[in-house]
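Here is how the chains run, residue by residue.
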Amino acid sequence: MSSTTLRSALLALVMASTSALAADHEVKMLNQGKDGMMTFEPAFLNVAVGDTVTFLPTDMAHNSRSVLSPAEGDSWNGSMGEKVSVTLNKEGVYLYQCDPHLPLGMVGVIQVGQAGNLEDAKKHAQGMSERIAVNKERLSQYLDLIK
Ligand SMILES: [Cu+2]
């Protein structure tokens, strides 16, 4: 076997095992969580490219809708009280909210791989903050967890 053939065989193996290991992360939508009233839990996730995030209607009167994704990144728009899943294939920062509870600070942040669009995300978060009346600090606290 030539070294080039060996290398591509190894690469194929690595790619196959990476996709086989893609994780599914669960985020609960809660009336009351460890961050207070009306929260996603966990509201910050750092996941690998290709991982899936599933939002669970643990309490019913919530939804999850993405409001900022990196270029060509997936977006999602969950219905009220419905489970919604998204597989994140593009690196970057994703911001999402619960539509009825944005004023109560029900927001979340997902980092996938490198946070190349962090400045865009922070700028977008400023606009969101203007519409948050309670628990305003959450969004910036979650953004501060980005590495
Ligand atoms: Cu909500």
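Located above this text is the structure these notes cover.
Residues numbered from 1 in each chain as written. Predicted model: local features only at pLDDT ≥ 70, side-chain atom pairs only at ≥ 80, totals over all residues. Heavy atoms only, no water.

Novice: What exactly am I supposed to notice about the overall build of the protein chain here?
Specialist: Counting its regular elements, the protein chain contains 3 helices and 8 strands. Reading the secondary structure of the protein chain in the N-to-C direction produces α-β-β-β-β-β-β-β-β-α-α. Put simply, 64% of the contacts in the protein chain that link residues at least 6 apart link residues at least 24 apart. Just so you have it, the protein chain exposes about 8,000 Å², and 55% of that area is on carbon and sulfur atoms. (Helix = DSSP H or I, 4+ residues; strand = E, 2+ residues; numbered from the N terminus. Contact = heavy atoms within 4.5 Å. Areas by Shrake-Rupley, 256 points an atom, 1.4 Å probe, with all protein chains shown as cover.)

Novice: Would you take a moment to explain the pairing of strand 4 (residues 52-56) for this structure?
Specialist: Every other side chain in a regular strand lies on the same face of the sheet, so the side chains alternate between the two faces. For strand 4, the buried fraction is high: 5 of the 5 residues fall into the buried class. Side-chain alternation along strand 4 places Thr-52, Thr-54 and Leu-56 on one buried face and Val-53 and Phe-55 on a second face that is also buried. Two strands pair when backbone bridges link them, and strand 1 (residues 24-33) and strand 4 are joined in this way by 5 bridges, in the parallel orientation. Along strand 4, the bridge assignment pairs Glu-26 with Thr-54. (Buried < 20%, exposed > 50% of the residue type's maximum accessible area, 1.4 Å probe, protein only. Pairing = 2+ DSSP bridges.)

Novice: What is the right way to look at the coordination of the copper ion in this model?
Specialist: Ideal coordination angles are 109.5 degrees for a metal with four donors arranged tetrahedrally and 90 or 180 degrees for a metal with six donors arranged octahedrally. Summarising the metal site, the copper ion is bound by the protein donors His-62 (ND1), Cys-98 (SG), His-101 (ND1) and Met-106 (SD), whose distances to it range over 2.0 to 2.5 Å. All donors of the copper ion come from a single chain, and their spacing in sequence reads H-x35-C-x2-H-x4-M. Remark: Cys-98 occurs in the loop between strand 7 (92-97) and strand 8 (107-112) and His-62 occurs in the loop between strand 4 and strand 5 (65-68); sequence separation between them is 36 residues. Pair check on accessibility: His-62 and Cys-98 agree, each one buried. (Donors = N, O, S within 2.8 Å, 3.2 Å for Na, K, Ca; no water.)

Novice: When you look at the pattern of salt bridges in this model, what are you seeing that I'm missing?
Specialist: Per the stated rule, a full pass over the model turns up 1 salt bridge. Residues Asp-99 and Arg-65 are paired through a salt bridge, measuring 2.9 Å at the closest nitrogen-oxygen approach. Here Asp-99, found in the loop between strand 7 and strand 8, pairs with Arg-65, found in strand 5; they are 34 residues apart in sequence, far enough to count as distant. Among the residues examined, Arg-65 registers a relative accessible area of 27% and is labelled partly exposed. (Salt bridge = Lys/Arg side-chain N within 4 Å of Asp/Glu carboxyl O.)

Novice: How should the environment of Arg-65 be read in this particular structure?
Specialist: Here the alpha-carbon distance between Arg-65 and Ser-79, two residues 14 residues apart in the chain, equals 8.4 Å. Not counting the four nearest positions on each side in its chain, Arg-65 is found in contact with Trp-76, Asn-77, Leu-95, Tyr-96, Gln-97 and Asp-99. A polar contact of 2.9 Å, which involves the side chain of Arg-65, links it to the side chain of Asp-99. (Polar contact = N/O pair within 3.5 Å; in protein donor to acceptor, adjacent residues only side chain to side chain.)

Novice: Please clarify how the side chain of Arg-138 should be interpreted in this entry.
Specialist: Checked against the element boundaries, Arg-138 lands in helix 3 (residues 137-143). The side chain of Arg-138 is buried and forms no salt bridge, while Asp-35, the nearest opposite charge, is found at 5.3 Å. For Arg-138, the side chain forms a polar contact with the main-chain oxygen of Asp-35, separated by 3.0 Å. Those residues in contact with Arg-138 that sit more than four places away from it in its chain are Asp-35, Gly-36, Met-37, Met-38, Thr-39, Leu-104, Gly-105 and Met-106. (Lys, Arg positive; Asp, Glu negative; His and termini not counted.)

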